[in-house]
Number of protein chains: 2
Amino acid sequence: MAWSLHPIRTFSTSKIQAMLTTELSEAEVSALRANKERLAEDLHHSCQWGYGIRWGEGPTDTGMQRLALSEEDRSVRNWFIKTMQDLKCNVTVDEMGNIFAVRPGRRAGVPPTFIGSHLDTQPTGGRYDGILGVLSGIETIKTMNDMGLETEGGVGVVNWTNEEGARFPISMISSGVWAECIPLEQAHALQEVPTVASLPTAASAPETMKSALQKIDYLGDVPCSYKSTPMAAHFELHIEQGPHLVSAGQRVGVVTAVQAYKWFRLNVIGRDTHTGTTAFEHRADALYAFSRMMVRAREVAAAKGCLASVGIVEAKPGSVNTVPGLVSFSLDIRGPETELVVEVEKELRSEFDAIAAAEGAGIGKPCRVEWTLDFDSPAVKFHEDCIDCVQQSAHAVVADAPVADTKSLVRSIMSGAGHDSVFTSKRVPTSMIFIPCKDGLSHHPEEFSTAEDCATGASVILQAVVRYDRKRFT
Amino acid sequence: MAWSLHPIRTFSTSKIQAMLTTELSEAEVSALRANKERLAEDLHHSCQWGYGIRWGEGPTDTGMQRLALSEEDRSVRNWFIKTMQDLKCNVTVDEMGNIFAVRPGRRAGVPPTFIGSHLDTQPTGGRYDGILGVLSGIETIKTMNDMGLETEGGVGVVNWTNEEGARFPISMISSGVWAECIPLEQAHALQEVPTVASLPTAASAPETMKSALQKIDYLGDVPCSYKSTPMAAHFELHIEQGPHLVSAGQRVGVVTAVQAYKWFRLNVIGRDTHTGTTAFEHRADALYAFSRMMVRAREVAAAKGCLASVGIVEAKPGSVNTVPGLVSFSLDIRGPETELVVEVEKELRSEFDAIAAAEGAGIGKPCRVEWTLDFDSPAVKFHEDCIDCVQQSAHAVVADAPVADTKSLVRSIMSGAGHDSVFTSKRVPTSMIFIPCKDGLSHHPEEFSTAEDCATGASVILQAVVRYDRKRFT
């Protein structure tokens, strides 16, 4: 439902008279709505760049494969900038290729309130993870422009680079640099993962983030820092990527926190040997040891209410009749509390050592394990002011739903995944909004949210930004 | 010890008077010896092409990486042909690039007795697997030439193409075509494995065996068949690649049989999803299912006295924070009897189905498993005549060892690995000779046999070929 159908005040799209956020009534704020059709059209339009695996008959029934800083990413970035400039926004690009588009407010010298997320995807990703967040920002600006709504502080939309960590294996790296939690030099030197499916450059030498930024002309000259590009707050709309909302029939999740997680790279070192002539008790089979570790990791994590996952595995030398002497794999441990993740890690270190020691013990040459920490994201609590704005907005947007207790359609929720909001929260008030997605599925071509749910989320973020502006300046 | 040190008859290297195998006394045959130093020198000389991983300080303390039909393989093939031509052998190359070098015998129109093995290696292989077999053939010809020993039938040395199956994933494929057990068209169309470490062409489109043969100029025009290149018999010297000889302090294994094995490629199909937001019970994690399968495979195989091994595994999409929805892996099942391998396969098919069905059951989208049989090699019994020749020769060669019961230094043994002799045995009398290798280790850079043990094996094969010639023609 578009905002203009709410006849509380007759808004004029001819912008004859400017409207100020600080002068709106509470009822008028609650009546603000994003345009469902326009949002859906823009979202799928932007998905023409990085078209992925087809899963259905419809024109938009495909996934996405838009790896960070690929040619497809360049195209969608160009479109994003053009779109925001047409909407009269000022666009800047920083040294990590983060794109900030700001619709000026009435006051000079105050930082804008940002809506942000990312346009890159997993190699077999979908059309909503990240993309919806940026597109809801565009839709917010379009709605404000149409209404002639003037904010006190500016309103910005930011596209963060390489949020997924799929091509360059540190997720949220560019918001991390912006927050000055990750050094720029480390980020610029980070090499792409050469095994990612269909990576355009897999055949050549791996690109670094810096060389990839240069290659697609997105190495900006604004320093990547919250000091150079300040924000008043950061709001992010995202699909839940989990089953809670969709299972409960709820429509909005007010995200209050993000679970803790740690990413590791592990090597298991055993001994190459012949598969046909080497008895089990004479093997130091690194892949067998890995398999036992993965099975055990689930047991240990589950017992503590945590998650442990392996997404990448590589066995060398990689020959049918040679027992692998080296296995490298990624390990992703998550949990609701930082301390729980540490406990799982500690237990797995001990368990993995025991598994390695047993494999090859018969020949006195046991396997061994090496751990490297790639990423450590402690649990995050979002900011009360932002959470309040989101909660009020969510209740307002679902208020016209045909159920007795519309408040039951909104719940507080913790994010299982990391998002750029994790890093922005370290510097500025931040919170997030979740909407349901089909089967809770994400990082999959069939990832899907209805146009209705997307518009609900966009309406919530539109109102939240307006409420935050009012909170700041009244 | 070189044969000439045995003063039973004064052999002249000036070849004034030809010596005939049929006229030698039993004692003279038993005194025949390969030249230890020359064999070692030739072997390490040939290992300059495809130099592998260094593991020690000595000049020959490296492994080998000489994938079939690589540039390194081309170089060693050129050297092999030049060497054999210099030794007055007639060389032919067939459509699979198999190289046959024949030292003519006294009789026309009878097939030669062959010594054969392979010059290709695993990606992280050593200096003895296959290489020793071909080099022992060269040494045999050199010794016969030096002695002026004339055989009735010719004596040939054959280098079989791609025995390892490491680059082109069917092992012994070219002896298989020669035996008319594998169609030429299938072999020519076989594509290389693109993930093999350091494969020179991994970055470009995968080569087929035919295109790779053409590329290195080894696509011969002789039909690849036992009908076009007939053999009287095939003898093969090989390192044991297992611990039995070395553990027992024995010096020669008389190989009477080869265990059965089957190679499969399996796919586990699950569902890509987000690692951070998907509870274990909502996952169809193909890699977790794989891990459980690999753990179970060892249990099932061990219970039946068989082996089950995974050498290759690939998980897609291959991203740290995406649960893999597709895992492909190789499975190599071996056992002393054909029927036992079938039993293990049958049990694993059922077990793997159960594991797959459990993973994803919570979301009604369980994993599933697909099996493809790549290779089926039933158990092989070698030929009594050849086994007899090897056994007599082995006892003769170790007869001067400083132990009370020299016969205890020789044992009958079953081969755990497949060899080209498996295919030759389908068409002509065949057997093999094993010598000890350090720690039973093979398919590893540190694979090692002493020069003494190599020469023992070469002396046995030299005598076996002479004995077989005498058996045929007296």
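It should be emphasised that the depicted structure is a prediction, and the values quoted were computed from it without experimental measurement. Going along each chain's sequence as written, the residues are numbered from 1 onward. Starting at A for chains and at 1 for ligands, labels are handed out in the order in which the entities are written. Local features are withheld for residues below a pLDDT of 70 in this predicted model, meaning they are given only at 70 or higher, and side-chain atom pairs are given and counted only at 80 or more; totals for whole chains, interfaces and linings count all residues. Excluded from the side-chain calculations are hydrogens and water; all other atoms, namely the structure's heavy atoms, are used.

**Examining the overall build of chain A**
Counting from the N terminus, the helices are DSSP H or I runs at least four residues long and the strands are E runs at least two residues long. The helix and strand inventory of chain A stands at 13 helices and 20 strands. Between the two quantities, the radius of gyration covers C-alpha atoms and the globule rule is 2.2 Å times the number of residues to the power 0.38. Computed over the C-alpha atoms, the radius of gyration of chain A is 24 Å, within 12% of the 23 Å expected from 2.2 N^0.38 for a compact globule of 474 residues. If one aligns the C-alpha atoms of chain A with their principal axes, the spans along those axes are about 85 × 50 × 45 Å. Considering only intrachain contacts with a sequence separation of at least 6, the fraction spanning at least 24 residues in chain A is 77%. Method for areas: the Shrake-Rupley scheme with a 1.4 Å probe, in which residue coverage is limited to the protein chains shown. Split by element, the accessible area of chain A, about 16200 Å² in all, is 51% carbon and sulfur. All tallies of charge rest on Lys and Arg as positive and Asp and Glu as negative; His and the ends of each chain are not included. Charge positions come from single atoms, namely NZ of Lys, CZ of Arg, CG of Asp or CD of Glu. Both charge centroids of chain A, one from 45 positive and one from 59 negative side chains, sit 2 Å from each other. We call two residues in contact whenever any of their non-hydrogen atoms come within 4.5 Å of each other.

**Quick look at the interface of chain A and chain B**
With 65 residues of chain A in contact, the opposing surface of chain B contributes 65 residues. Across the chain A to chain B interface the summed buried area is about 5700 Å²; carbon plus sulfur atoms make up 59%. Throughout, the accessible surface (probe 1.4 Å) given up by two parts as they are put together, summed over both, is called the buried area. Among the residues chain A hides against chain B, the three largest losses belong to F280(A), R298(A) and V320(A). Together they make up 15% of the total. Across the pair K365(A) and D439(B) runs a salt bridge whose closest N-O atoms are separated by 3.4 Å. Nitrogen and oxygen atoms within 3.5 Å of one another constitute a polar contact, given that in protein one can donate a hydrogen and the other can accept it, and given that sequence-neighbouring residues count only through two side-chain atoms. Counting across the chain A and chain B interface gives 30 residue pairs in polar contact (both at pLDDT 80 or more). Looking at the side of chain A that touches chain B, the elements with two or more residues in it are β12 (273-274), α9 (286-303), β13 (307-309), β14 (313-316) and β16 (326-335) of chain A. Salt bridge criterion: a side-chain nitrogen from Lys or Arg within 4 Å of a carboxyl oxygen from Asp or Glu.

**Details of the UniProt feature "domain: Peptidase M20 dimerisation" (unreviewed entry) in chain A**
UniProt positions are given in the numbering used here, feature names are shortened, and annotations may be inferred rather than shown by experiment. Per the UniProt record, "domain: Peptidase M20 dimerisation" (unreviewed entry) is found at residues 261-356 of chain A. For residues 261-356 of chain A, helix accounts for 39% and strand for 31%, while the C-alpha atoms at its two ends are 24 Å apart.

**Section: helix α10 (residues 338-358) of chain B**
Residues and elements named next belong to chain B. Spanning 21 residues, α10 covers 31 Å between terminal C-alpha atoms, matching the ideal 30 Å at 1.5 Å per step. Packed against the buried residues of α10 are β11 (260-269), α9 (286-303), β16 (326-335) and β17 (368-377). Positive phi shows up at G360, right after α10, with a value of about 105 degrees. A helix is expected to span 1.5 Å multiplied by its residue count minus one.

**Some points on the pattern of salt bridges**
In total, this model carries 56 salt bridges over all chains according to the counting rule given. A salt bridge links E152(A) to R106(A); its shortest N-O distance comes to 3.0 Å. On the criterion of sequence distance, the pair formed by E152(A) in the loop between β7 (149-150) and β8 (155-159) and R106(A) in the loop between β5 (99-103) and β6 (113-117) is long-range, its members being 46 residues apart. Only protein chains enter the accessibility calculation, which uses a 1.4 Å probe; a residue is then buried when its area is under 20% of its type maximum, exposed when over 50%, and partly exposed in between. Overall, R106(A) belongs to the partly exposed group, its relative accessible area being 45%. Close ionic contact of E370(B) with R368(B) constitutes a salt bridge, the shortest N to O distance being 3.3 Å. For E370(B), a relative accessible area of 34% puts it in the partly exposed group. Salt bridges sharing common partners tie together R106(A), R107(A), E150(A) and E152(A).

**So, the pairing of strand β9 (residues 233-239) of chain A**
Residues and elements named next belong to chain A. Counting buried residues in β9 gives seven out of seven residues, a clear majority hidden from the surface. Burial along β9 is two-sided: A233, F235, L237 and I239 and H234, E236 and H238, pointing in opposite directions, are all buried. We call two strands paired when DSSP finds no fewer than two bridges between them. Where β6 and β9 come together, three bridges link them in parallel fashion. Its bridge partner lying in β9, I115 is registered against F235. As paired strands, β9 and strand β20 (residues 430-435) are joined by six bridges and run parallel to one another. Residue L237 lies in a different strand from β20, and its bridge partner there is I433.

**As for the packing of helix α2 (residues 36-46) of chain B against helix α13 (residues 451-473) of chain B**
All names here are of chain B. In this analysis, axes come from line fits to C-alpha atoms, helices being fitted only over the stretch in contact, and the angle between any two N-to-C directions falls in the range 0 to 180 degrees. It is at 9 Å that the axes of α2 and α13 come closest, and there the two elements cross at 105 degrees. Between α2 and α13, the angle is such that the two are roughly perpendicular. Side by side, α2 and α13 meet where K36, L39 and A40 of the first sit next to A451, E452, C454, A455 and A458 of the second. Here the nonpolar group is Ala, Val, Leu, Ile, Met, Phe, Trp, Tyr, Cys and Pro; Asp, Glu, Lys and Arg are the charged ones; every other residue, Gly included, is treated as polar. In the contact of α2 with α13, the residues fall into six nonpolar, no polar and two charged. Roughly parallel here means an angle under 35 degrees, roughly antiparallel means over 145, roughly perpendicular means 65 to 115, and every remaining angle is called oblique.

**Considering the domain arrangement of chain A**
Residue and element names in this part refer to chain A. Domain segmentation is taken from an automatic or database assignment of domains. According to the domain assignment, chain A consists of domain 1 (3-259 + 379-473) and domain 2 (260-377). One C-alpha centre belongs to domain 1, the other to domain 2; they are set 36 Å apart. The interface is formed by 16 residues belonging to domain 1 together with eleven residues belonging to domain 2. With both sides pooled, the region where domain 1 packs onto domain 2 buries about 1000 Å², and carbon together with sulfur makes up 54% of that total. Among the residues of domain 1 in contact with domain 2, S171, Q259 and A379 are the three that bury the most area, contributing 46% of the side total.

**Quick look at the packing of aromatic side chains**
Ring pairs are drawn from Phe, Tyr and Trp, using the six-membered ring of Trp, whenever the two centres fall within 6.5 Å, and their geometry is named by plane angle: stacked under 30 degrees, edge-to-face over 60, tilted for the rest. By the definition in use, this model includes 29 aromatic pairs over all chains. Taking the centre distance of 5.9 Å and the plane angle of 85 degrees together, the rings of Y128(B) and F448(B) count as edge-to-face. Taken together, the residues span a long stretch of sequence, with Y128(B) in the loop between β6 (113-117) and α4 (131-147) and F448(B) in the loop between β20 (430-435) and α13 at a distance of 320 residues. Cluster of aromatic residues (ring-pair linked, three or more members): F100(A), F114(A), W160(A), W178(A) and Y226(A). R77(B) extends its terminal NZ or CZ atom over the ring of Y218(B), reaching a point 5.0 Å from the ring centre. When the NZ atom of lysine or the CZ atom of arginine is within 6 Å of a ring's centre and also within 35 degrees of its normal, the charge is said to sit over that ring.

**With respect to the environment of L190(A)**
All names here are of chain A. Turning to its location among the elements, L190 is positioned in the loop between α6 (184-189) and α7 (209-215). Remark: the alpha-carbon pair of L190 and G50, spanning 140 residues in sequence, is separated by 23 Å. The residues touching L190, leaving out its near neighbours within four places in the chain, are F168, P169, I170, I173, E207, T208 and M209.

**Concerning the confidence of the model for chain A**
Close reading of the predicted structure is inappropriate where its pLDDT is low. Residue and element names in this part refer to chain A. pLDDT measures the predictor's confidence residue by residue and takes values from 0 up to 100. The pLDDT averaged across chain A works out to 93; a share of 94% of its residues lies at or above 70. Here residues 1-10 is a poorly scored stretch, pLDDT under 50, and it has 22 contacts once near neighbours within four places are set aside; other chains count. For residues 195-202, every residue scores under 50 in pLDDT, and the model assigns this stretch 19 contacts once sequence neighbours within four places are set aside.

**Comments concerning helix α4 (residues 131-147) of chain A**
Residues and elements named next belong to chain A. Compared with the 24 Å implied by 1.5 Å per residue over 17 residues, the 24 Å span of α4 between its first and last C-alpha is a close match. With respect to burial, α4 is a largely interior element, 16 of its 17 residues being buried. Count one or two residues on from α4 and you reach G148, which has phi positive near 70 degrees.

**So, the packing of α9(A) against α9(B)**
Relative to each other, α9(A) and α9(B) sit at 120 degrees, their axes nearing to 8 Å. In terms of axis orientation, α9(A) runs oblique to α9(B). In terms of crossing hand, the pair formed by α9(A) and α9(B) is left-handed. Here L287(A), Y288(A), F290(A), S291(A), R292(A), M294(A), V295(A) and R298(A) of α9(A) lie close against α9(B), whose contacting residues are L287(B), Y288(B), F290(B), S291(B), R292(B), M294(B), V295(B) and R298(B). Each residue belonging to the contact of α9(A) with α9(B) can be placed in one class, and the counts come to ten nonpolar, two polar and four charged. Helix crossings fall into two classes, left-handed where the near helix is turned counterclockwise from the far one by less than a right angle and right-handed where it is turned clockwise.

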